[in-house]
Amino acid sequence: QVQLVESGGGLVQPGGSLRLSCAVSGSGFSIYTMGWYRQAPGKQRELVAAIGTGGSANYEDSVKGRFTISRDNAKKTVYLQMNSLKPEDTAVYYCNRPRGSSAVYPWGQGTQVTVSS
C-alpha cells in the first residue's frame, strides 16, 4: 500500500515562498508521473502541477512561472517550490499519481498553505 506524506506548508506573506515535499512509500515511484494538487475551502481539489518520469513538467495556468515541481527518484520524494505566493494560493496541498480526473493512491493528510498579510 502506497502512503503519501506531505510537509512544508505554513503561513507566509503575499510574495513569499515555500517548498513542499511529498515522501512516497512503496515501489514503482520512478516509473510514474506524480502531481501536486490543492483544495481551497469550498472548492474542488485541482491538479496544479505534474512531473513525468523524465522530468518533464506541466502546470495549471494560474501557477505557471511561479511554481516549480521536481522529483528525486532515489529519495522517492516530489517537491513543489512555490514563489510569488498570492492569497488565492491558500489551500491544502496534496501529492498523488494522476489518473484521468482522479488519482491512484489513497490521499495523504496534505499540508496547509496559508498566504496572508
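Residues numbered from 1 in each chain as written. Predicted model: local features only at pLDDT ≥ 70, side-chain atom pairs only at ≥ 80, totals over all residues. Heavy atoms only, no water.

> What should I look at first to understand the environment of Val-12 in this one?
As for its position among the elements, Val-12 is in strand E2 (residues 10–12). Residue classification places Val-12 among the buried residues on the basis of a relative accessible area of 12%. The residues contacting Val-12, other than those within four sequence positions of it, are Ser-17, Leu-18, Leu-85, Thr-114, Val-115 and Ser-116. (Helix = DSSP H or I, 4+ residues; strand = E, 2+ residues; numbered from the N terminus. Buried < 20%, exposed > 50% of the residue type's maximum accessible area, 1.4 Å probe, protein only. Contact = heavy atoms within 4.5 Å.)

> What exactly am I supposed to notice about the sheet that holds strand E12 (residues 111–115) here?
Remark on secondary structure: sheet strands pair via backbone hydrogen bonds, oriented parallel or antiparallel. Spatial ordering of the open sheet is given by E2-E12-E9-E4-E5-E6, a layout of six strands whose pairing is mixed. Both edges of this open sheet fall to E2 and strand E6 (57–59), since each of them pairs with a single strand only. The sheet shows a mean angle of 25 degrees between the axes of neighbouring strands, taken without regard to direction. Pairing between strand E9 (residues 91–96) and E12: three bridges, direction antiparallel. (Pairing = 2+ DSSP bridges. Axes fitted to C-alpha atoms, helices over the stretch in contact; angles between N-to-C directions.)

> What am I meant to see in the nonpolar core here?
A general tendency of soluble globular proteins is for nonpolar side chains to be buried together. One finds Leu-4, Trp-36, Val-78, Leu-80, Met-82 and Tyr-93 to be the most contacted residues of the largest nonpolar core, which totals 27 residues. Broken down by secondary-structure element, the contributors of at least two residues to this core are strand E3 (18–24), strand E4 (34–39), strand E5 (46–51), strand E7 (67–72), strand E8 (77–82), E9 and E12. Among the elements that take part in this core, E3 stands out by supplying four residues, more than any other. Look past the residues within four positions of Tyr-93 in its chain and what remains in contact with it is Glu-6, Leu-20, Trp-36, Tyr-37, Arg-38, Phe-67, Leu-80, Met-82, Gly-110, Thr-111 and Val-113. (Core = buried A, V, L, I, M, F, W, Y, C linked by side-chain atoms within 4.5 Å.)

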